[in-house]
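These are the residues of each chain, in order.
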Amino acid sequence: MGVFRLVKDAQNYALRHENKKYWPINSRTFILPIFVHPEPKYNAVMKKVMIIILLISLVGCSEKKSVLQEEKPAGPITLVIHGGAGTIKRENMTGEREKAYHAKLQEALDSGYAVLERGGKSLEAVMAAIKIMEDSPLFNAGKGAVFTNEGRNEMDASIMDGSTLMAGSVAGVTTIKNPITAAYAVMTKSEHVMLIGGGAEKFAAEQSLEIVDPSYFFDSTRYKQLLKLKEKELGKEANLFDPYINDKKFGTVGAVALDQYGNIAAGTSTGGMSNKKYGRVGDAPIIGAGTYADNKSCGVSATGWGEYFIRLSVARDITAMMEYAGLTLQQAADSVVMKKVPALGGDGGIIALDRQGNVSMTFNTTGMYRGYITKKGEAKTFIYND
Ligand code: ASP
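I will try to describe carefully the structure that is included in this document. Predicted model only: the values in this text are computed from it and were never measured.

### Description of unusual backbone geometry
Most of the time, phi is negative for any residue but glycine, and the peptide bond is trans.
Okay, so step 1: Residues other than glycine seldom take positive phi values, yet Ser208 does so here, at roughly 60 degrees.
Okay, so step 2: Backbone geometry places Asn275, a non-glycine residue, at a positive phi of 70 degrees.
Okay, so step 3: Residue placement: Asn275 occurs in the loop between strand E6 (264-270) and strand E7 (291-293).

### Structural notes on the pairing of strand E11 (residues 367-373)
Okay, so step 1: Of all seven residues that make up E11, seven are buried, and the element is covered over most of its length.
Okay, so step 2: The side-chain alternation of E11 yields two buried faces, one formed by Gly367, Tyr369, Gly371 and Ile373 and the other by Met368, Arg370 and Tyr372.
Okay, so step 3: Bridge analysis of strand E1 (residues 78-86) against E11 gives six bridges, and the strand direction is antiparallel. Across the sheet, residue His82 finds its bridge partner in E11, namely Arg370.

### Description of the packing of helix H11 (residues 314-325) against helix H12 (residues 329-344)
Okay, so step 1: Put simply, H11 and H12 touch, their axes get as near as 8 Å, and they point 140 degrees apart. In terms of orientation, H11 and H12 fall into the oblique class. Handedness of the H11/H12 crossing: right-handed. Taken together, the residues of H12 that come into contact with H11 (itself represented by Val314, Asp317, Ile318, Met321 and Met322) are Leu329, Ala332, Ala333, Ser335, Val336 and Val341.
Okay, so step 2: When grouped by side-chain class, the residues that make up the contact of H11 with H12 number nine nonpolar, one polar and one charged.

The rules behind each value
- Residues numbered from 1 in each chain as written.
- Predicted model: local features only at pLDDT ≥ 70, side-chain atom pairs only at ≥ 80, totals over all residues.
- Helix = DSSP H or I, 4+ residues; strand = E, 2+ residues; numbered from the N terminus.
- Buried ≥ 20, exposed ≤ 12 C-beta atoms within 10 Å, placed from the backbone.
- Pairing = 2+ DSSP bridges.
- Axes fitted to C-alpha atoms, helices over the stretch in contact; angles between N-to-C directions.
- Parallel < 35°, antiparallel > 145°, perpendicular 65-115°, else oblique.
- Left-handed = near helix turned anticlockwise from the far one by under 90°.
- Contact = placed C-beta atoms within 7 Å.
- Nonpolar A, V, L, I, M, F, W, Y, C, P; charged D, E, K, R; others polar.

Quick look at the structure:
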């Protein structure tokens, strides 16, 4: 006999014996008849059915509960980016170029923020923001990478996950359209942290990342600059020249994000320094120098004179000072960027953010392309030191 038939019988019984009107089917009418079925032989069956129903509903409830427990309350989401630090002065800029930089920074912020807003991870947001800047010739990364002394574009990139301390990086790559995606693949798909040159390119191809002909990275403004540098034989100073910043530096890009799960990620991507020689690798792909992230303290992406940033382990030093010395994010950033780096003779800047969503954009140069977007969706972009 079917369950519904049993229920129906029991209802009829209840109606007959209690002289009640028709009860609409609801949980009350469903439960009651189980214990009052007129035919005792069905009572045992009904009880079993009832127990099964109760068990199923309990499992259902506990499943719902565990889903809810896994979903942490949405914490603050924040994203901060940079597009390189250097002697960036108003007098060297055209209004048009200024606008172009603001627009591209905004686009990068929007792209990373969209990931965070829909509940995506900080790592994905970092990659999304950096990819926008890598695809733009305005910045010294990806499409806009500067030329080496041999007239090539050799790029470096790294990424780090503050929740696991997993990290990945590539250096000296010439055919990977978005080096930040290769750094991410090294982190997630290999047992290594850092791959260089041809090996990194082979790995990227195996991972089906977008591979381009090296000519994709050719940018005539940057190339002319290299020729000018070589012609003038400016030596050390000239090695650092970046045409878009109109002085000897830089143009690296980076992003640090905090997602709603409280996880921080940081990433950095660069073409390095104009006219660089002998397979030079800067700080950008060095975990602890150009990039570091640890949920315990903060995430950092650096830009500047790479050799100094490597010697001082800038990114790790900032996180360590928060962790060991109890400094705030801004105190730690100031101590490293405004004191230690200039004391050695280097310059540049960093972007960083901690778990509470506090942001630092600290630099000792006259400018740094930069911007942030807070949990309220308020975005701001800046260029100069004011
Ligand atoms: N830090 C980069 C490097 O030394 C350059 C830059 O930030 O612009 O390769």
